[in-house]
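# Inside the fold
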Amino acid sequence: MHEETVYDALDTAHGGEGQWAFGTGFDDPLAGVDTTVPDGVEPADLGAYCLMLGDDALVLCQRLTEWATRAPELEEEVAIANCGLDLLGQARLLLARAGSAGVLGRSRRHATDSIPDEDALAYFRDPDEFVHHHLVEADGGDFAQTMVRLLVASTFRLALFAQLRESRDPVLSAIAAKGVPELTYHRDHAARWVLRLGDGTSESHRRAQAGVEAVWPLLADLFTATEVETRLTAAGVAVDPAGVREEVRGVLTTVLERATLTVPAWPAERPSPGRAGEHTGELAPLLATLQGLAREHPAATW
Amino acid sequence: MSAPTLDRRETAAVPDEAALQAHFDATIAADRRVEPRDWMPEAYRAGLVRQIAQHAHSEIIGMQPEGDWLLAAPSLRRKAVLLAKVQDEAGHGMYLYSAAETLGADRADLTDKLIEGRQKYSSIFNYPTLTYADCGVIGWLVDGAAICNQVPLCRSSYGPYARAMIRVCKEESFHQRQGYELLMTMMRGTDAQRAMVQDAVDRWWWPSLMMFGPPDDDSPNSAQSMAWGVKRHSNDELRQRYVDMSVPQAAALGVTLPDPELALDPETGRYRFGRIDWAEFKQVISGNGPCNAERVSRRRAARDDNAWVLEAATAYADKHAS
Amino acid sequence: MSTVVTDPRDVAETVTDPELPMLTLADLGVLREVRTADDGTVVVTITPTYSGCPAMGVMRADLVHALHRAGFADVDVRTVLSPPWSTDWISEDGRRKLAEGGIAPPGHAPVRTAGPVPLSLGPTRRTASCPLCGSADTEELSEFSGTACKALRRCRTCREPFEHVKEI
Ligand SMILES: [Fe+2]
Ligand SMILES: [Fe+2]
Ligand SMILES: [Zn+2]
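Along every chain, residues carry numbers that run from 1 in the direction the sequence is written. The naming scheme follows written order: chains are lettered A onward, ligands numbered 1 onward. Local features are withheld for residues below a pLDDT of 70 in this predicted model, meaning they are given only at 70 or higher, and side-chain atom pairs are given and counted only at 80 or more; totals for whole chains, interfaces and linings count all residues. Each side-chain value is derived from all of the structure's non-hydrogen atoms; neither hydrogens nor water enter the calculation.

As a further point, take the confidence of the model for chain C. Residue-level confidence of the predictor, termed pLDDT, takes values from 0 up to 100. Mean pLDDT over chain C stands at 89; residues scoring 70 or higher make up 96%. Reported confidence for the predicted complex is 0.93 by ipTM and 0.93 by pTM.

On to the coordination of the iron ion (ligand 2), then. Residue and element names in this part refer to chain B. Protein coordination at the iron ion (ligand 2): the donors are Glu89 (OE), Asp143 (OD), Glu172 (OE) and His175 (ND1), at 1.9 to 2.2 Å from the metal. Every donor counted, the four donor atoms about the iron ion (ligand 2) form angles of 81 to 141 degrees at the centre, which fits irregular coordination. In this structure, the iron ion (ligand 2) is positioned 3.6 Å from the iron ion (ligand 1), and both are ligated by Glu89. Linking Glu89 in helix H4 (residues 76-101) with Glu172 in helix H7 (residues 159-187), this pair joins segments that are 83 residues apart in sequence. Of the two residues, Glu89 and Glu172, neither departs from the other in class, the shared state being buried. Counted as coordinating are nitrogen, oxygen and sulfur atoms within 2.8 Å of the metal, or 3.2 Å for Na, K and Ca, while water is not included, which may make sites look incomplete. Labels for metal geometry use angle windows, namely 85 to 135 degrees for all angles of a four-donor tetrahedral site, and for square planar (four donors) or octahedral (six donors) sites opposite donors over 155 degrees apart plus all others within 65 to 115; sites meeting none of these are irregular. In DSSP terms, a helix is any run of H or I states spanning at least four residues, a strand is any run of E spanning at least two, and both are numbered starting from the N terminus. Exposed residues in this analysis have more than 50% of their type's maximum accessible area, buried residues have under 20%, and partly exposed residues fall in between, with area computed by a 1.4 Å probe over protein chains only.

If you look at the biggest cluster of nonpolar residues, it comprises 242 residues, and the most contacted ones within it are Tyr49 and Phe161 of chain A, Tyr44 and Trp140 of chain B together with Val44 of chain C. Top contributing element to this core by residue count: helix H3 (residues 74-100) of chain A, with 15 residues. In this document the domain limits rely on a domain assignment from an automatic tool or a database. Looking at which domains feed residues into this core, each of domain 1 (8-79) and domain 2 (89-109 + 123-165) of chain C supplies at least three. Should any heavy atoms of two residues lie within 4.5 Å, those residues are considered in contact. Not counting the four nearest positions on each side in its chain, Trp140 of chain B is found in contact with Gln176, Gly179, Tyr180, Leu183, Val201, Ser246, Gln249, Ala250, Leu253, Val255 and Leu257 of chain B. The set of buried Ala, Val, Leu, Ile, Met, Phe, Trp, Tyr and Cys residues whose side-chain atoms join them within 4.5 Å is what this entry labels a nonpolar core.

Turning next to the coordination of the zinc ion (ligand 3). All names here are of chain C. The coordination sphere of the zinc ion (ligand 3) contains the protein donors Cys130 (SG), Cys133 (SG), Cys155 (SG) and Cys158 (SG), at a distance range of 2.3 to 2.4 Å. Its four donor atoms give the zinc ion (ligand 3) angles of 107 to 113 degrees at the centre, a pattern that matches the tetrahedral case. Between consecutive donors of the zinc ion (ligand 3), the numbers of intervening residues give the motif C-x2-C-x21-C-x2-C. Taken as a pair, Cys130 in the loop between strand E4 (103-104) and strand E5 (138-142) and Cys158 in the loop between strand E6 (150-155) and strand E7 (161-165) lie far apart in primary sequence, 28 residues in all.

On the side of chain A, 43 residues touch chain C, which itself brings 41 residues to the contact. A simple way to read buried area is as the amount of 1.4 Å-probe accessible surface that goes missing from two parts once joined, with both sides added. In this assembly, chain C packs against chain A so that about 3500 Å² is buried in total across both faces, 61% of it on carbon and sulfur atoms. Area buried by chain C at its contact with chain A is led by Leu81, Leu121 and Phe144 of chain C, which between them contribute 21% of it. Think of a salt bridge as a Lys or Arg side-chain nitrogen and an Asp or Glu carboxyl oxygen that are within 4 Å of each other. Along the contact surface separating chain C from chain A lie one salt bridge. N or O atoms closer than or at 3.5 Å make up a polar contact, with two conditions inside protein: a donor-capable atom paired with an acceptor-capable one, and, for residues adjacent in sequence, both atoms drawn from side chains. At the surface where chain C touches chain A, the tally comes to 12 residue pairs in polar contact (both at pLDDT 80 or more).

Attention shifts here to the sheet that holds strand E1 (residues 31-36) of chain C. All names here are of chain C. A pair of strands is considered paired only if DSSP assigns at least 2 bridges between the two. With mixed pairing, three strands are arranged side by side in an open sheet as E1-E2-E3. Since the sheet does not close on itself, it has two edges, and those belong to E1 and strand E3 (75-79), each with one partner. Going across the sheet, the axis of each strand differs from the next one's by a mean of 15 degrees, ignoring polarity. The pairing of strand E2 (residues 42-46) with E3 spans five bridges and is classified as parallel. Bridging from a neighbouring strand, Val42 pairs with Val75 of E3. For helices, the fitted axis covers only the stretch in contact; all axes are lines through C-alpha atoms, and the angles between them, taken along N-to-C directions, range from 0 to 180 degrees.

Residues and elements named next belong to chain C. The buried fraction of E2 is high, at five of five residues. Judged by which residues are buried, E2 turns out to be covered on both faces: Val42, Val44 and Ile46 on one side and Val43 and Thr45 on the other are all buried. Bridge analysis of E1 against E2 gives five bridges, and the strand direction is antiparallel. Bridge pairing links Val34 to Val44 in E2. Hairpin connection from E1 to E2: five residues lie between these consecutive antiparallel strands, with Gly40 at a positive phi of about 90 degrees. Every crossover in which the path from the first strand over the helix to the second runs clockwise, viewed with the strands pointing away from the viewer, is termed right-handed. Of the crossover connections in this fold, the one passing from E2 over helix H3 (residues 56-69) to the parallel E3 is right-handed.

When charged atoms on two side chains of opposite charge get close, those side chains can pair. Across all of its chains, the model carries 57 salt bridges over all chains by this definition. For Arg126 of chain C, the salt bridge identified is with Glu140 of chain C, shortest N-O distance 2.8 Å. One end of the pair, Arg126 of chain C, is in the loop between E4 and E5; the other, Glu140 of chain C, is in strand E5, and 14 residues separate them in sequence. Between Arg156 of chain C and Asp137 of chain C there is a salt bridge, with its nearest N and O atoms 2.7 Å apart. Taken together, the residues span a long stretch of sequence, with Arg156 of chain C in the loop between E6 and E7 and Asp137 of chain C in the loop between E4 and E5 at a distance of 19 residues. Bridged by salt links that share partners, the residues Arg106, Asp126, Asp128, Glu129 and Arg295 of chain A form one connected network.

Our focus in this paragraph is the domain arrangement of chain C. Residues and elements named next belong to chain C. For chain C, the assigned domains read domain 1 (8-79) and domain 2 (89-109 + 123-165). One C-alpha centre belongs to domain 1, the other to domain 2, and the line joining them spans 27 Å. Counting residues at the interface gives 10 residues for domain 1 and 12 residues for domain 2. Both sides together, the interface formed by domain 1 and domain 2 hides about 890 Å², and carbon and sulfur atoms give 67% of it. The largest share of the area that domain 1 buries against domain 2 comes from Leu20, Met22 and Asp27, three residues that together contribute 50% of it. Joining domain 1 to domain 2, the criterion identifies one salt bridge. With a closest N to O distance of 2.6 Å, Lys97 and Asp27 form a salt bridge.

Take the interface of chain A and chain B next. With 64 residues of chain A at the contact, the number on the chain B side is 67 residues. Taken together, the two surfaces of chain A and chain B that pack against each other cover about 5900 Å², and 67% of this comes from carbon and sulfur. At the boundary of chain A with chain B, the tally comes to two salt bridges. We note a salt bridge from Asp199 of chain A to Lys319 of chain B, for which the minimum N-O separation is 3.1 Å. Taken together, the links from chain A to chain B amount to 14 residue pairs in polar contact (both at pLDDT 80 or more). Of all the elements in the fold, those that place two or more residues in the side of chain A that touches chain B are helix H1 (3-13), helix H2 (43-65), H3, helix H4 (117-124), helix H6 (143-164), helix H7 (170-198), helix H8 (202-215) and helix H11 (283-296) of chain A. Here the side of chain A that touches chain B takes 11 residues from H3 of chain A, the largest share from any one element. Polar here means any residue outside two lists: the nonpolar Ala, Val, Leu, Ile, Met, Phe, Trp, Tyr, Cys and Pro, and the charged Asp, Glu, Lys and Arg; Gly therefore counts as polar. In terms of residue class, the side of chain A that touches chain B is built from 32 nonpolar, 15 polar and 17 charged.

Encoded structure:
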């Protein structure tokens, strides 16, 4: 590399043609993707389903990102950012898909036209319009609990996405196909930490077990289909979460046993309050941080 | 290409120090690269470890000012850009610590030195990020100044450092471009956004000029570093280059640089600029900047609060070593 | 405006990746298609390397810019998600350029089949030769490096730390 050409490149890049000044026209993560809703599918259902999967990713990304600049080692700093970025990317695609299906909730009451759908949905919905599971919004706790939660969340999501690759909605199927290798990394990364912590020192074992006890009850919400999911599963678009229960249980049991951790009793399952927009007290502060700046400047473009 | 290897450990008959020194001097004189297994004077090795470690520390501490906006980035695209950038910086840090390790240093030990204040990092990161425009200005000015400093290091006499710099510089120019693009977008936005950008420029311009270090006549380690080809241009030379590059960029952006004395010298074609407040620089570098304590204490907390995690990883590796 | 008729594909193929500037988007396998629509619009199709890739906007801007400069007034850059990108899309040229740039190129991506993805609890065993001295005796220092697709390795022979584009 010739250093002079680097300086030149920096100089001319700012030049008259405004190469650096590409703008908001390029924002849409689905730019140019054919977003026609398949025959026999209610757009409102498809959008609602994309919000469920999108919110799970967005909120978990937010929780993971809380570790940025605070991780136990540099390798983990990079790994956590990596997982967060993958989830954020999935969230963007899914929220944009929801928007393209016309599902925007009450967000457009506040968000101006200059704000793309993905941001209207992420930044201008109220807490009761978010439809993620409680699993992802719970405060992360220590590193052990963070990794147990990541293990559970990514095992569940990977199992769903592996099947969603066959969805009749080509956009959803493409998002899933793209997500599978990413989620495989997340799940296996978290699983290896759970092994090391469970089977590490007595302190790490104690913390890992406490993490398991804290996260386990949240499994209760994951496997009961909402009406939207039931209709879309029948239409060949969505995956019935009940259908991935045994796979999820199998993976979690394998990992915990190898990690010398006690597998708690399976919690009594229930319809997910999160999917119905009912959340714990931990969501409001999370959203306040996420949305504060964007809401302060509703007419701004970033 | 590397010079023929003379390795202390592998050469049966140990050549005498003078011959080794002569070979090293010839390598430097011919502008060839010194590689990890080559003999090198102890002072050269120690100086490089100090320089590379300081650089690695800067990458890691440098994650914090912008990292503080990760949770609050105002659009999902900006959040992705920022997260990717913070991840890049951690990658740069890892890479540079590995380069230091080729010289026999140990990352954990270097980290301890950072936390105990025995090694420094770039003092630019001791300023706070007050608004989101700061993220753009850091990309434009701070990454920009870092590039001006680092591009010449792509020709550093020490091979692994030089090669690390080539890759790091490419990523830094992407950061700079994205920072500038954020500012462009904000300048086309609302009045409040434009005011935010100008305010951020006002706060970061002078500190960015200080990133090139003290003036040449007051720079203790420079002369030896230049002679060894570890450093290629003087602080003042690089600073001037940065100013010349930034002034037209500021104009294109539509912001004013906070220096009434800034003016084109028609004879040299370069920009004259005002006097830098070195008293402030010394304050910040000696630990009294706005965020010094916070920056280091976060690193300390990351190390100490999570020590049990690394202990567990070690214990697990030992158990399953066979 | 230029009167020489150039193939827009040739122009698009010169655009480099913002994060790995030694590679063009074509080398990287991110550039999927360049065609001219009936109304003369140049339609360029690109695909992200991973879902969260924040560089898509920059790539689009660079493509539009390059084509405008070459005299193509109407350019439409579209995203395609399927089939998903994997490191197998990196061309032979791209692999050579990576190695020349000191980055070890990827091997073959794992084959992904339908159905549940098996759990992998051991460390991922990857191999890569040192891009500096060619030695195969190298070790992985970190599974993740600066960008998502790269791991950090070290050569045990010449001690060079280097990045390796993982096969994904
Ligand atoms: Fe950096
Ligand atoms: Fe940077
Ligand atoms: Zn080697």
